[in-house]
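# A structural walkthrough
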Amino acid sequence: MSHRFPHVPTLASRRDFLTAAGGGFGALALAALASAEAPAPNAVDPLAPKKPQFEAKAKSVIFLFMEGGPSHVDLFDPKPELTKQHGKPLPASFGKVLTPMGTGGNNLLASKRKFAKHGKSGLDISDWLPHTAKCADDLTVLRACWADGLNHVGSVCQMNTGSILAGRPSLGSWALYGLGSVNRNLPGFVVFTEGGPEPLGGARNYGTGYMPATYQGTLFRNGPNPILNLNPPAGVDGERQKDKLGLVRELNDIHRRERASDTELAARQAAYELAFRMQASAPDVVDLSKESEKTKEMYGLNRKETAEFGHRCLLARRLVERGVRFVQVYCGAGSQWDAHSDIEGNHTKMCGRADQPTAALIRDLKQRGMLDDTLVIWGGEFGRTPMSEGASGRDHNPYGFSMAMAGGGVKGGCVHGTTDEFGLYGIDGRVHVHDFHATILHLLGFDHTKLTFFHNGKDERLTDVKGKVVNEILA
């Protein structure tokens, strides 16, 4: 056979055949996949600043995340009928209501809060948020948001990544992937927790999923030194660090020549280099000594209950002031807004912690001319039921809840959507989490259907195959 067809090699075994086949068509297929999975044009510098797809209203986002599920019927969505029907069962016309604690058949629980109309717009806000109420004309309240998850871990994940399942890039990662970083001496995506409990689900809420690790959020901790291990060891000067970093870079470059797709190594190398640059710039960001006493007082740094969250909100302003794209600030990480019992005690405490710093951030950005291009978001993973849990609590409600937004291209003094007479279901102007994310990306200058990342043979996007922009709230 080999004499008649000299161009056909003789294969002594099946193993030889498989080896040859793997080096032929298999290699072509592998090359095609590798090409498809190759990083975008900015592979050499994935964080280089990029232009949005169209003119953006917002340059940065600050997401104030109230983890645990703040009660919309006690904060932004007054329900007189709920007060009238207090103690009565939910009408049979609502059908069977599925809740995680089985409270669907429980009696209705009236809100004890007093609502009033605020600002020229007459926006309804409860007495739990007196400081935020003074910003009413800067707020858009989406009253008919809805989500897919009943429990915290999946719902926190969905509000952050678009899916109740782990493994997808976070909202902040998509923003950084699309826009790149303006300030190369600071992370483009920063996450503030509270120093104690982590957000439920941990790092997946600010991770990159199938994207390169370069786009993940950088965790800043609470206290005077939010960036761990930032300062060099005693006796190590800048020149020595620079030489060490150069050697590490050379070794990494050698390693990556045959491992171009190793994004974790690339991210780690970029992190080393960023950390070196941050040693010069980050101390200035976290140093509040140059802030006026009036500003510190405005954020509540002089009050025990507001000092921690106020400190993080002030740092968030300082970060976006220096070009950071996305800052997420947790209030109540570890589901501290989760009022299954004693809604009054829980929300009195949590609103007392969050209200003044939230209002201070909005006012401060506005005074500095930054609110127009900084989008501020306030809300949690879902709301709470109008039915009682026990004598004085409320269960999880993903069927109709409120999210508030300010600045960054949204209308001020605006209410969009309505829930039913008790605040259980969104009925008009419903906004799914995918719609919410599509709107945020639109404000950042992106068509959510075209901001994609190729993965496993598919152009993936934050909003999956759904989502529509809520045009009614755009300024």
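All figures in this text were calculated on a predicted structure; none of them were measured in a lab. (Residues numbered from 1 in each chain as written. Predicted model: local features only at pLDDT ≥ 70, side-chain atom pairs only at ≥ 80, totals over all residues. Heavy atoms only, no water.)

Before going further, it helps to spend a moment on the overall build of the chain. Looking only at helices and strands, one finds 12 helices and 17 strands in the chain. Across the 475 residues in the chain, those meeting the buried criterion constitute 51%. For the chain, long-range pairs separated by at least 24 residues make up 78% of all intrachain contacts whose partners lie at least 6 apart in sequence. (Helix = DSSP H or I, 4+ residues; strand = E, 2+ residues; numbered from the N terminus. Buried < 20%, exposed > 50% of the residue type's maximum accessible area, 1.4 Å probe, protein only. Contact = heavy atoms within 4.5 Å.)

Our focus in this paragraph is the environment of Gly154. Relative to the helices and strands, Gly154 resides in helix H5 (residues 152-161). Remark: the alpha-carbon pair of Gly154 and Ala166, spanning 12 residues in sequence, is separated by 8.1 Å. Setting aside chain neighbours within four positions, we find Gly154 in contact with Ser163, Ile164 and Arg204.

Time to look at the pairing of strand S11 (residues 401-406). Counting buried residues in S11 gives six out of six residues, a clear majority hidden from the surface. With five bridges joining them, strand S4 (residues 139-146) and S11 adopt antiparallel strand pairing. Bridge pairing in S11 links Val141 to Ala404. Judged from the three bridges that link them, strand S8 (residues 374-379) and S11 form a sheet pairing that is antiparallel. When the sheet's bridge partners are listed, Ile377 is paired in S11 with Met405. (Pairing = 2+ DSSP bridges.)

With that settled, the discussion passes to the pattern of salt bridges. For the structure on display, the rule yields 27 salt bridges. For Asp364, the salt bridge identified is with Arg317, shortest N-O distance 2.9 Å. Residue Asp364 is found in helix H11 (residues 343-367), and its partner Arg317 is found in helix H10 (residues 304-321); the two are separated by 47 residues along the sequence. Each of Asp284, Lys290, Glu291, Arg317, Arg318, Glu321, Arg322, Asp364 and Arg368 takes part in salt bridges that share partners, so that together they form one network. (Salt bridge = Lys/Arg side-chain N within 4 Å of Asp/Glu carboxyl O.)

Along an α-helix, residues three or four positions apart point the same way, because every turn accommodates 3.6 residues. Between the first and last C-alpha of H10 there are 26 Å, a value that for 18 residues agrees with the 26 Å anticipated at 1.5 Å per step. Across the 18 residues that make up H10, a large majority, 13, are buried. Once H10 ends, the next one or two residues include Gly323, with phi positive near 100°. (Expected span 1.5 Å × (residues − 1).)

Between two packed helices, the angle of one axis relative to the other and the distance separating the axes together describe the packing. Direction vectors running N to C along H10 and H11 enclose 25°, while the axes themselves pass 8 Å from each other. On the basis of the axis angle, H10 is roughly parallel to H11. Between H10 and H11 lies a crossing whose hand is right-handed. Residues Glu305, Thr306, Phe309, Gly310, Cys313, Leu314, Arg317 and Val320 of H10 form the contact with H11, whose own contacting residues are Gly352, Arg353, Ala354, Gln356, Pro357, Thr358, Leu361, Asp364 and Leu365. Within the contact of H10 with H11, the residues separate by chemical class into eight nonpolar, five polar and four charged. (Axes fitted to C-alpha atoms, helices over the stretch in contact; angles between N-to-C directions. Parallel < 35°, antiparallel > 145°, perpendicular 65-115°, else oblique. Left-handed = near helix turned anticlockwise from the far one by under 90°. Nonpolar A, V, L, I, M, F, W, Y, C, P; charged D, E, K, R; others polar.)

A few words on the side chain of Ser126. Along the chain, Ser126 turns up in strand S3 (residues 123-126). Setting aside residues up to four positions removed in sequence, Ser126 forms contacts with Asp74, Leu75, Arg113, Lys114 and Phe115.

Within the largest apolar cluster, 53 residues are counted, with the highest numbers of intra-cluster contacts made by Ile62, Leu64 and Val327. Looking at this core element by element, the count peaks at nine residues for H11. Sequence-distant contacts of Leu64, defined by excluding residues within four places in its chain, comprise Phe309, Cys313, Val329, Thr358, Leu361, Val376, Ile377, Trp378 and Gly379. Among the nonpolar cores identified, the runner-up in size contains 48 residues, and Val156, Leu179, Leu444 and Leu474 belong to it. (Core = buried A, V, L, I, M, F, W, Y, C linked by side-chain atoms within 4.5 Å.)

With that out of the way, let us pick up a nonpolar patch on the surface. Taken together, the side chains of Leu247, Leu251 and Ile254 define a hydrophobic patch exposed on the protein surface, amounting to about 300 Å² of accessible area. As for its placement among the helices and strands, Leu251 is situated in helix H7 (residues 238-256). (Patch = residues over 30% accessible without salt bridge, like charges linked within 9 Å, V, L, I, M, F, W, Y side chains within 5 Å. Areas by Shrake-Rupley, 256 points an atom, 1.4 Å probe, with all protein chains shown as cover.)

Let us look at the packing of H5 against helix H12 (residues 433-443). With their axes 9 Å apart at the nearest point, H5 and H12 run at an angle of 30° to one another. Comparing their axes, H12 and H5 come out roughly parallel. Contacts between H5 and H12 involve Gln158, Met159, Asn160 and Thr161 from the first element and Val433, Phe436 and His437 from the second. When the residues that make up the contact of H5 with H12 are grouped by side-chain class, the tally is three nonpolar, four polar and no charged.

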